[in-house]
Amino acid sequence: MKFFIDTANLAQIKEANDLGILDGVTTNPSLMAKEGIKGNEAILNHYKTICDLVDGDISAEVLSVTYDEIIEEGKILAAIHPNIVVKVPMIKDGIKAIKWFTDNGIKTNCTLVFSAGQAILAAKAGATYLSPFIGRIDDTNWDGIELIAQIANIYGTQGFDTQILAASIRTPLHIVRCAEAGADVCTCPLDSILGLLKHPLTDIGLAKFIEDAKKM
Ligand code: E4P
């Protein structure tokens, strides 16, 4: 399973990248706004900076919602760097645009996915990645992980190439359960990635080894 970091914060991207286990980055308009990135030039420059930091797929989300505008915006984003993946919302014009991008060799990430039916449509359009939002599904009293397992089953049965990119990850346990359920990629906040390190018995064991090492 690939690890992406889900942020537009450059310090956090650097910290995750320094671990040596980072395969890519996802952003969205909310994450970009949180970093105070405003205006077209600043947005494009920020994506370029992220591409220079991380050698992996970088999702840049379109702000448009009509076919022609999504295509135009996606072309501009894709021209920033070969690693840019154009992130397109799961809407009718988005599916049409994903098909166009697929036919024209531009990688896509179909976002805001909450059902297996949507996952089938995105795969038919040739999306490179599909982003089911696990945490937001959990928030509505459904089990987001069950959706990952259902899509993994469908894609395996049907032979679809689209990679399942589990998004809206909130905890380290989400990451473990996405790996079990068959996600190809997990995009995570830095805290959830670092949370995978934690176990009290590791801390207790290490403290004892350090203490005993002094007696050696
Ligand atoms: C990333 O691709 C998604 O936009 C992101 O994971 C959504 O996360 P959230 O539900 O925590 O906003």
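To be clear, the structure that these remarks concern was listed above.
Calculation notes
- Residues numbered from 1 in each chain as written.
- Predicted model: local features only at pLDDT ≥ 70, side-chain atom pairs only at ≥ 80, totals over all residues.
- Heavy atoms only, no water.
- Buried < 20%, exposed > 50% of the residue type's maximum accessible area, 1.4 Å probe, protein only.
- Helix = DSSP H or I, 4+ residues; strand = E, 2+ residues; numbered from the N terminus.
- Pairing = 2+ DSSP bridges.
- Right-handed = clockwise from strand over helix to strand, strands pointing away.
- Axes fitted to C-alpha atoms, helices over the stretch in contact; angles between N-to-C directions.
- Parallel < 35°, antiparallel > 145°, perpendicular 65-115°, else oblique.
- Left-handed = near helix turned anticlockwise from the far one by under 90°.
- Contact = heavy atoms within 4.5 Å.
- Nonpolar A, V, L, I, M, F, W, Y, C, P; charged D, E, K, R; others polar.
- Polar contact = N/O pair within 3.5 Å; in protein donor to acceptor, adjacent residues only side chain to side chain.
- Near = heavy atom within 4 Å.
- Areas by Shrake-Rupley, 256 points an atom, 1.4 Å probe, with all protein chains shown as cover.

Student: Before we move on, can you summarise the pairing of strand 4 (residues 84-89) with the specific residues and values?
Tutor: Each regular strand carries side chains that alternate between the two faces of the sheet. A large share of strand 4 lies buried, amounting to 6 of its 6 residues. Burial of strand 4 is two-sided: the residues Ile84, Val86 and Val88 facing one way and the residues Val85, Lys87 and Pro89 facing the other way are all buried. Relative to strand 4, strand 3 (residues 57-61) is paired through 4 bridges, and the arrangement is parallel. Paired with Ala60 across the two strands is Val86, which belongs to strand 4. As for the winding sense of the linkage, the β-α-β connection from strand 3 through helix 4 (residues 67-78) to strand 4 is right-handed.

Student: Quick one: what's the story with the packing of helix 8 (residues 144-158) against helix 9 (residues 172-181), residue by residue and with numbers?
Tutor: Axis separation between helix 8 and helix 9 bottoms out at 9 Å; the angle between their running directions is 20°. In terms of their interaxial angle, helix 8 and helix 9 are classed as roughly parallel. In the packing of helix 8 onto helix 9, the handedness of the crossing is right-handed. Residues Ile145, Ile148, Ala149 and Ala152 of helix 8 touch helix 9, and the partners they reach there are His174, Arg177, Cys178 and Ala181.

Student: Explain the packing of helix 6 (residues 116-125) against helix 8 to me, and be specific about the residues and the numbers.
Tutor: Contact geometry of helix 6 with helix 8 gives a least axis separation of 10 Å together with a crossing angle of 40°. For the element pair helix 6 / helix 8, the angle class is oblique. The crossing of helix 6 and helix 8 is right-handed. Of the residues in helix 8, those in contact with Ala116, Ala119, Ile120 and Ala123 of helix 6 are Leu147, Gln150, Ile151, Ile154 and Tyr155. A breakdown of the residues in the contact of helix 6 with helix 8 according to their chemical character gives 8 nonpolar, 1 polar and no charged.

Student: Any details on the sheet that holds strand 2 (residues 24-26)? Residues and values, ideally.
Tutor: Taken together, 8 strands build a closed barrel; the order of strands is 1-2-3-4-5-6-7-8 and the barrel is parallel. Put simply, the sheet's adjacent strands are angled 30° from each other on average, direction ignored. Across the sheet, helix 5 (residues 92-103) is in contact with strand 4 and strand 5 (108-113); its angle to strand 4 comes to roughly 155°.

Student: Residues and numbers for the environment of Thr157, please.
Tutor: Considering the arrangement of structural elements, one finds Thr157 in helix 8. The exposed category is assigned to Thr157, whose relative accessible area is 59%. Within the structure, the side chain of Thr157 is placed 2.7 Å from the backbone oxygen of Asn153, a separation counted as a polar contact.

Student: An account of the site of the ligand is needed here, citing residue identities and associated values.
Tutor: In the vicinity of the ligand, the contacting residues are Asp6, Thr26, Asn28, Lys87, Phe133, Arg136, Ala167, Ser168 and Arg170. At a separation of 2.5 Å, an oxygen atom of the ligand approaches a polar side-chain atom of Asp6. Lys87 is positioned such that a nitrogen or oxygen atom in its side chain is 2.7 Å from an oxygen atom of the ligand. Compared with its free state, where it exposes 340 Å², the ligand has 84% of that area covered by protein. Residues of the shell around the ligand, tallied by class, amount to 2 nonpolar, 3 polar and 4 charged.

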